[in-house]
Amino acid sequence: MALYVQKFGGTSVGSVERIKAVAEKVKGFRDQGHQIVVVVSAMSGETNRLIGMANEINDEPTPREMDMLVSTGEQVTISLLAMALHKLGVPATSYTGSQVGIQTDSAHTKARIQRIETDELQADLDAGQVVVVAGFQGVDEDGNITTLGRGGSDTTGVALAAALKADECQIYTDVDGVYTTDPRVCSKAQRLETITVEEMLELASLGSKVLQIRAVEFAGKYNVALRVLSSFEGGPGTLIIADSDKDEDSMEEPLISGIAFTANEAKLTLLNTPDVPGVASRILGPIADANIEIDMIVQNVAPAGDYTDFTFTVAKGDYRQTMKILQDQVIPDLGGGDLRGDDNIAKVSLVGVGMRSHAGVASKMFRVLADENINIRMVSTSEIKISVVIDEKHMELAVKALHKAFGLDKRSIEQE
C-alpha cells in the first residue's frame, strides 16, 4: 500500500463528465489498496470568469476580496468530486485549504505556504477515506483566505505530499509528460522518462508550462517524488528526480534533456551610458522598484572612464512601462544616453545536466544557428543551461534545428 497525492488541473475537471472520469481513476487506485489525497483546481475557465466579474464591478479590487472570490472556484470542484466518489461507493471528504490547515503568510494573491496541519488528514486516510483538497488556497494567521498565485494547485499538491511523506505526488494534466521540447512546434519531440529537479526548474523558468516553478522548488527542497501524467491517456508519464538519484551513466549521455523557448521577451538597450561604478544600479533600481523582473543582462566592455552600452530583457508585457521608466527617470538621472527597444525577440534555451561534464555545447549551438543564418543577439549561460536571444521570426526554425542537431529527434522512451 502506498500513499499518493494526486493533483488534477482545470482541464482535467473541466466538465461534469471529466470529474466523473477523475473519480473513476481515483477509485482504481484506492481499489488497489492505496491511500489517496486528491488536490483539484477550479474547473477550466472558472477563475478567469470570476476575475472578469470582479473587474466589471471594480477595476482595482482589493487583494483580500479577490482571494475570497477566486478561492470559490476550487470549492465547487472538491464538492462535485466528493459527490462523484460517493456515487461510486468510495468514502470521501472534501476540504478547503483553510479547513485542511494549510497555513500561509498574508501576501494575498501570491501567498506562500508556511506549514500544514496533517493530523485530521492522516486520521481520514487511516479510516479509509479519500481526502479531496482545494488547491491554490490556504489561510493566514488572522483567518483570512489566501491564494497562492496562478498554478498554485501544483504547489498545494507537492506541499501536501511533503507534509504527509507521500510515496509520490502525481500531477495529472492535459499532456502525458515532459517533452524534449513543445510537440506543437517540433513534431519529433520525445517524452522524457525522467528529468532532474534542476533541469525541470530551468525548463519551468524558461517558459515550459508543464509545472509551476514553485511546485518544482518545493519538490526539490523536500525530496518529493514528482510525476507528470495525462488525465486522458495511460502511460508512465515523466518522473522528476533529485539530481543525486540520476546514475552516472545517464548523466554522460545525452548532453541535452530539453529545449525551452519563449517569445514573451523584450530587449532594451541604453547606449552611451557612463562606465562608472553604480551605473547598473541606477538603471535597474527604478525598474525593480516598479516590481518588473529583469532576465538577461549584457554590458559591453569599455575603456576606463569611457561610455558603454547596457542591454537587458524583460517580459513583453512590461516592455512599455520599462521604456517609460528609462525615458522619464533613468536617462535624466544619468545625464543622457540613447534608448533602443525591441519586442520582436525570442529566447531559446538548451537545458541538460550533461553539460557539466562536456565542453563544446555552446560552440555547437552557435554553429547550428549560424548554419541556419540566425543571428544571436544575447547569450546567457549557467552550469546546465545556455540561452540565446534571437529574432522572434526565427524561433521555430532554431528550435527544430537544435532539436535535430543534439539528437533529441532520435531519443526513445527506452533510452531515458
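Numbering of residues starts from 1 in each chain and follows the order in which that chain's sequence is written. Totals for whole chains, interfaces and linings use all residues, but because this is a predicted model, local features are given only for residues with pLDDT of at least 70 and pairs of side-chain atoms are given and counted only at 80 or more. Excluding hydrogens and water, the side-chain figures rest on all heavy atoms present in the structure.

S.K.: Could you give me a rundown of the packing of aromatic side chains, with the residues and numbers involved?
M.R.: Aromatic rings from Phe, Tyr and Trp, with only the six-membered ring used for Trp, were paired whenever their centres fell within 6.5 Å, and each pair was classed as stacked if the ring planes differed by under 30 degrees, edge-to-face if by over 60, and tilted otherwise. On inspection of all chains with the given rule, the structure shows four aromatic pairs. For the pair tyrosine 4 and phenylalanine 29, a centre-to-centre distance of 5.6 Å together with 80° between the ring planes defines the contact as edge-to-face. You can see tyrosine 4 sitting in strand 1 (residues 3-8) and its partner phenylalanine 29 sitting in helix 1 (residues 16-31), a full 25 residues away along the chain. As far as burial versus exposure is concerned, tyrosine 4 and phenylalanine 29 are alike and both buried. Distance and angle both matter: a charge sits over a ring if NZ of Lys or CZ of Arg is within 6 Å of the ring centre and within 35 degrees of the ring normal. For the cation-ring pair, lysine 364 lies above phenylalanine 406, with the distance from its terminal atom to the ring centre recorded as 4.7 Å. Strands are runs of DSSP state E lasting at least 2 residues, helices are runs of H or I lasting at least 4, and numbering of each runs from the N terminus. For each residue, the accessible area found with a 1.4 Å probe, counting protein chains only, is set against the maximum for its type, and the residue is called buried under 20%, exposed over 50%, and partly exposed in between.

S.K.: Give a description of the pattern of salt bridges that names residues and reports values.
M.R.: The term salt bridge refers to a pairing of a side-chain nitrogen on Lys or Arg with a carboxyl oxygen on Asp or Glu at a separation within 4 Å. Evaluated as defined, the whole model comprises 15 salt bridges. A salt bridge links lysine 7 to aspartate 154; the nearest nitrogen and oxygen atoms lie 2.8 Å apart. Of the two residues, lysine 7 is situated in strand 1 and aspartate 154 in helix 7 (residues 152-164); the sequence distance between them amounts to 147 residues. In terms of burial, lysine 7 and aspartate 154 fall into one category: buried. The closest approach of N and O atoms between aspartate 333 and arginine 282, which form a salt bridge, is 3.1 Å. In this pair, aspartate 333 sits in helix 12 (residues 319-334) while arginine 282 sits in helix 11 (residues 279-289), placing the two residues 51 residues apart along the sequence. Classification of aspartate 333 as partly exposed rests on a relative accessible area of 43%. On the basis of relative accessibility, which here comes to 34%, the residue arginine 282 falls in the partly exposed class. Because the salt bridges share partners, they merge into one network encompassing Glu265, Asp295 and Lys347.

S.K.: Mind laying out the sheet that holds strand 18 (residues 385-391), listing which residues take part and the relevant values?
M.R.: We treat two strands as partners when DSSP finds at least two bridges between them. Taken in spatial order, the six strands of this open sheet run 14-15-13-16-18-17, and their pairing is antiparallel. Strand pairing shows two members of the sheet lacking a second neighbour, strand 14 (294-299) and strand 17 (378-382), which therefore form its edges. Averaged over all pairs of adjacent strands, the angle between strand axes in this sheet comes to 30°, irrespective of strand direction. Whether two residues touch is decided by their heavy atoms; if any such pair falls within 4.5 Å, the residues are in contact. Every axis in this analysis is a line fitted to C-alpha atoms, fitted for helices over the stretch in contact. Angles between the N-to-C directions lie between 0 and 180 degrees. Together, strand 13 (258-274), strand 15 (307-315) and strand 16 (338-351) form the strand contacts of helix 12, whose direction differs from that of strand 13 by roughly 25°. In this fold helix 14 (residues 395-405) packs onto strand 13, strand 16 and strand 18, with an angle of close to 120° to the strand it touches most, strand 13.

S.K.: Please set out the confidence of the model for the protein residue by residue, giving values where relevant.
M.R.: Averaged over all residues, the pLDDT of the protein is 90; the fraction at 70 or higher stands at 94%. The model gives residues 412-416 a pLDDT under 50, and that stretch makes nine contacts with residues more than four places away or in other chains. pLDDT measures how confident the predictor is about each residue, on a scale from 0 to 100.

S.K.: Explain the pairing of strand 6 (residues 130-134) to me, and be specific about the residues and the numbers.
M.R.: Consecutive side chains of a regular strand alternate in pointing toward one face of the sheet and then the other. A large share of strand 6 lies buried, amounting to five of its five residues. The alternating pattern of strand 6 places Val130, Val132 and Ala134 on one face and Val131 and Val133 on the opposite face, and all of these are buried. Bridge analysis of strand 2 (residues 35-40) against strand 6 gives four bridges, and the strand direction is parallel. Paired with valine 38 across the strands is valine 132, a residue of strand 6. Here strand 3 (residues 92-95) runs beside strand 6; their pairing, made up of four bridges, is parallel. Bridge pairing in strand 6 links tyrosine 95 to valine 133.

S.K.: Give me the packing of helix 13 (residues 361-371) against helix 14: which residues, what numbers.
M.R.: One way to put it is that helix 13 packs onto helix 14 with a least axis distance of 10 Å and a crossing angle of 130°. In terms of their interaxial angle, helix 13 and helix 14 are classed as oblique. Where helix 13 crosses over helix 14, the handedness of that crossing is right-handed. The residues of helix 14 that touch helix 13, namely those facing Lys364, Met365, Val368 and Leu369, are Ala398, Ala401, Leu402 and Ala405. Residue composition of the contact of helix 13 with helix 14, by class: seven nonpolar, no polar and one charged. We call two directions roughly parallel when the angle between them is under 35 degrees, roughly antiparallel when it is over 145, roughly perpendicular when it lies between 65 and 115, and oblique otherwise. Here a crossing is called left-handed whenever its near helix is offset anticlockwise from the far helix by less than a right angle, and right-handed whenever the offset is clockwise. Under the scheme applied here, ten amino acids are nonpolar (Ala, Val, Leu, Ile, Met, Phe, Trp, Tyr, Cys and Pro), four are charged (Asp, Glu, Lys and Arg), and all others, including Gly, are polar.

S.K.: Lay out the packing of helix 7 against helix 9 (residues 213-222) with the relevant residues and their values.
M.R.: Look at helix 7 against helix 9: their axes get within 8 Å of each other, and the N-to-C directions meet at 15°. Classified by the angle between their axes, helix 7 and helix 9 sit roughly parallel to one another. Judged by the twist between their axes, the crossing of helix 7 over helix 9 is left-handed. Residues Asp154, Thr155, Val158, Ala159 and Ala162 of helix 7 lie in contact with helix 9, whose contacting residues are Arg214, Ala215, Phe218, Ala219 and Tyr222. The residue makeup of the contact of helix 7 with helix 9, split by class, is seven nonpolar, one polar and two charged.

S.K.: How would you sum up helix 13? Please name residues and give values.
M.R.: Every buried residue belonging to helix 13 is among Val361, Met365, Val368 and Leu369, and all of these are buried. For helix 13, the buried positions fall inside an angular range of 95° around the axis, keeping them on one side. Looking at helix 13, the residues exposed on the side facing more than 90 degrees away from the buried face are Ala370 and Asp371. Asparagine 373, located one to two residues past helix 13, shows a positive phi value of around 60°. In this description, one arc is meant: the one made by directions from the helix axis to the C-beta atoms.

S.K.: Before we move on, could you go through the pairing of strand 2 and cite the residues and values that matter?
M.R.: With respect to burial, strand 2 is a largely interior element, six of its six residues being buried. Of the strand pairs in this sheet, strand 1 and strand 2 are connected by six bridges, and their pairing is parallel. Its bridge partner lying in strand 2, tyrosine 4 is registered against isoleucine 36. For the crossover that starts at strand 1, traverses helix 1 and ends in the parallel strand 2, the hand is right-handed. Looking down the strands as they point away from the viewer, one classifies a crossover as right-handed if the path from the first strand across the helix to the second runs clockwise.

S.K.: Give a description of the side chain of lysine 7 that names residues and reports values.
M.R.: Judged by relative accessible area, lysine 7 falls into the buried class, the value being 8%. There is a polar contact of 2.8 Å between the side chain of lysine 7 and the side chain of aspartate 154. Not counting the four nearest positions on each side in its chain, lysine 7 is found in contact with Val39, Ser41, Ser153, Asp154, Gln170, Ile171 and Tyr172. Definition of a polar contact: a pair of N or O atoms within 3.5 Å, with one able to donate and the other able to accept a hydrogen when the atoms are protein atoms, and with sequence-neighbouring residues admitted only if both atoms are side-chain atoms.

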